[in-house]
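Survey of secondary and tertiary structure
Chain by chain, the residues run as shown.
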Amino acid sequence: MIGTPLQLERSFFAKVHIEANPDYLPGQSDEQQGDIEITVSLNVGQHQQDPNRYQVRLSIDKLEGNKTQLPYIISLQIVGLFQVDEAFKADNIKHLVEINGASMLYSAAREQVLSITGRGPWGAFQLPTINFHNQNGPESESSEPS
């Protein structure tokens, strides 16, 4: 098996807010809820002393059903510290970090939400899948972590 040039060194949740939505009406099917709108922001920064290290911060700021209320109100932020193999040469390494790093963090966020809501009054809730390649997807900001 061939390894990836991007390694997740560490990740942690800087913010987790999940609460049962008091306006939710149980018994609604997925079709009745309609599509789920999600606002995800992404912040990627390169380490100042080591150009092979990056920090990615992914935030879920808004989650709404477009037809009815969702069972949970969710807001969270997860931070990942990544290292790119120094032997890996590419024109746009930051793009690799943005897409793959964000995908890894979002997957961890989905698992966390499933785990927490599985103990909630409305049962387990799964965040929708999203595509980080999509130009209309999450907004991306750049910054320099220290």
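For the structure, check the block above.
For clarity, every value in this text was computed on a predicted model and none was experimentally measured.

Counted under the stated rule, the structure contains 3 salt bridges. With a shortest N-O distance of 2.2 Å, Glu9 and Arg53 are connected by a salt bridge. Of the two residues, Glu9 is situated in strand S1 (residues 6-20) and Arg53 in strand S3 (residues 53-65); the sequence distance between them amounts to 44 residues. Linking Asp50 and Arg53 is a salt bridge whose minimum nitrogen-to-oxygen distance equals 3.1 Å.

Judged by nonpolar contacts, the single largest core of 28 residues is most densely connected at Leu58, Ile74, Val97, Phe125 and Leu127. Listing elements by their share of this core, those giving two or more residues are strand S2 (36-46), S3, strand S4 (72-84) and helix H2 (93-117). The element that contributes the greatest number of residues to this core is H2, accounting for 9 residues. Those residues in contact with Val97 that lie beyond four places of it in its chain are Leu6, Val44, Tyr54, Val56, Val84 and Ala102.

Moving on to the environment of Gly45. Secondary-structure assignment places Gly45 in strand S2. The spatial distance from the C-alpha of Gly45 to the C-alpha of Val97 is 9.6 Å, given a sequence separation of 52 residues.

This part takes up the side chain of Arg110. Of note, Arg110 is situated in helix H2. Buried within the structure, Arg110 lacks any salt-bridge partner; Glu111 is the closest side chain of opposite charge, at an N-O distance of 6.6 Å. Filtering out sequence-adjacent residues up to four positions away, Arg110 remains in contact with Gln126, Leu127, Pro128 and Thr129.

Here S2 pairs with S3 via 11 bridges, running antiparallel. Residue pairing in the sheet places Ser41 in a bridge with Ser59 of S3. Between S2 and S3, which follow one another and run antiparallel, lie 6 residues. Pairing of S3 with S4 involves 8 bridges; the strand directions are antiparallel. By the bridge assignment, Gln55 is partnered in S4 with Leu81. Taken together, S3 and the strand that follows it, S4, pair antiparallel across an intervening segment of 6 residues.

A complete count under the given rule lists 3 aromatic pairs for this structure. Note on Tyr72 and Phe125: the rings are 6.5 Å apart at their centroids and 55° apart in plane angle, and the pair reads as tilted. Pair noted here: Tyr72 is in strand S4 and Phe125 is in the loop between H2 and strand S5 (139-143), with a separation of 53 residues, a long-range link. According to the relative accessible area criterion, Tyr72 is buried, its value standing at 4%.

Reading the values: rules and limits
Residues numbered from 1 in each chain as written. Predicted model: local features only at pLDDT ≥ 70, side-chain atom pairs only at ≥ 80, totals over all residues. Heavy atoms only, no water. Salt bridge = Lys/Arg side-chain N within 4 Å of Asp/Glu carboxyl O. Helix = DSSP H or I, 4+ residues; strand = E, 2+ residues; numbered from the N terminus. Core = buried A, V, L, I, M, F, W, Y, C linked by side-chain atoms within 4.5 Å. Buried < 20%, exposed > 50% of the residue type's maximum accessible area, 1.4 Å probe, protein only. Contact = heavy atoms within 4.5 Å. Lys, Arg positive; Asp, Glu negative; His and termini not counted. Pairing = 2+ DSSP bridges. Phe/Tyr/Trp six-rings, centres within 6.5 Å; stacked < 30°, edge-to-face > 60°.

Function cannot be inferred from these measures alone, as they are strictly geometric.
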